[in-house]
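Structural description and commentary
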Amino acid sequence: MSWLEALILGLVQGLTEYLPVSSSGHLQIGHALLGTAGEENLTFAIVVHAATVLSTLVVLWREVAQLFVGTFTTTAWNDEKKYVCKLLVSMIPVFVVGMFFKDEVEAFFGNGLLLVGICLLITATLLAFAYFAKPRQKAEISYVDAFVIGLAQAVAVLPGLSRSGSTIATGLLLGDKKESVAQFSFLMVLIPILGEAFLDLLDLCGSGAALGIGWLPLAVGFVAAFVSGCLACKFMLALVRRGKLIYFAIYCAIVGAATVICTLL
């Protein structure tokens, strides 16, 4: 993989991580178009996913700081502690998947673009349901809602099934407010992705697997994903407030259908 290919793929990852169109699916499509498909794809995906999670910390630093201060500077059972507990509850499903089904999940990333196309069509359907459904609005995200949204995140490890799209759409279908569920969706992924990325990067450094790509492409991909992730995160937060997810449903339907058709031809 050259540094230019890494730049393109890093931008793809950063821009699609927060938009409800599946960054993993677009990465696989990008690898196929650029001819960079190979065993080192997982290494690159880990690095650029870590970059986009860091961009979340930058964009939502005030919210993160408020949660940190409210959780650790007082013994009172306050709103910040409740919110952190809900985030932890939402992480249970993806923790179970990561601990007991990691090999099975990673195997899906080698199944070609047909699975990506099908999952993009599922993402389009979910976004369309969330757009047209009008459930009664709740005052706040409940613990049950947090767990159900976490289940959506766990299922969205499949390439082509958008994590942000699945979690935000699930929250909207549950009746949670747009602003609340978008912020919750972006914060709930911080610990799982950073933790997994840290452990995987330790393995990569110890085994020298990163040398299959080269440190320059990894660095370029990381920076590109981080910068574009910051822009995409801000854009998505504003977009969810305006309720314009139907356009992404149409986009996912078109790309998913085209991917399935091209794969079967």
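Going by the structure above, here's the rest.
Parameters and conventions
- Residues numbered from 1 in each chain as written.
- Predicted model: local features only at pLDDT ≥ 70, side-chain atom pairs only at ≥ 80, totals over all residues.
- Heavy atoms only, no water.
- Helix = DSSP H or I, 4+ residues; strand = E, 2+ residues; numbered from the N terminus.
- Buried < 20%, exposed > 50% of the residue type's maximum accessible area, 1.4 Å probe, protein only.
- Contact = heavy atoms within 4.5 Å.
- Expected span 1.5 Å × (residues − 1).
- Arc of directions from axis to C-beta.
- Phe/Tyr/Trp six-rings, centres within 6.5 Å; stacked < 30°, edge-to-face > 60°.

**A short note on the overall build of the chain**
Within the chain, the secondary structure is distributed over 13 helices and zero strands. The N-to-C order of helical and strand elements in the chain reads α-α-α-α-α-α-α-α-α-α-α-α-α. Here the chain holds 265 residues, and the buried ones make up 49% of them. Here the contacts in the chain between residues at least 6 apart in sequence split such that 81% fall between residues at least 24 apart.

**Section: helix α4 (residues 61-72)**
In a regular helix each residue adds 1.5 Å, so twelve residues correspond to 16 Å; α4 covers 16 Å between its end C-alpha atoms and thus fits that length. When we look at burial in α4, the residues that qualify are L67, G70 and T71. Looking down the long axis of α4, one finds its buried residues gathered within 95° of arc, a one-sided arrangement. Exposed positions of α4 whose direction lies more than 90 degrees from the buried face are R62, F68 and F72. The inward-facing, buried residues of α4 abut α5 (79-100) and α10 (178-187).

**Things to note about the packing of aromatic side chains**
Enumeration over the complete set of coordinates arrives at three aromatic pairs. Seen in terms of ring centroids, F68 and F72 are 4.9 Å apart; in terms of plane orientation they differ by 50°. Their pairing is tilted. In this pair, F68 and F72 both sit in helix α4, four residues apart, roughly one turn of the helix. Exposure class is identical for F68 and F72. Each is exposed. Where Y83 meets F184, the ring centres are 5.7 Å apart and the plane angle is 80°; that geometry is what we call edge-to-face. Linking Y83 in helix α5 with F184 in helix α10, this pair joins segments that are 101 residues apart in sequence.

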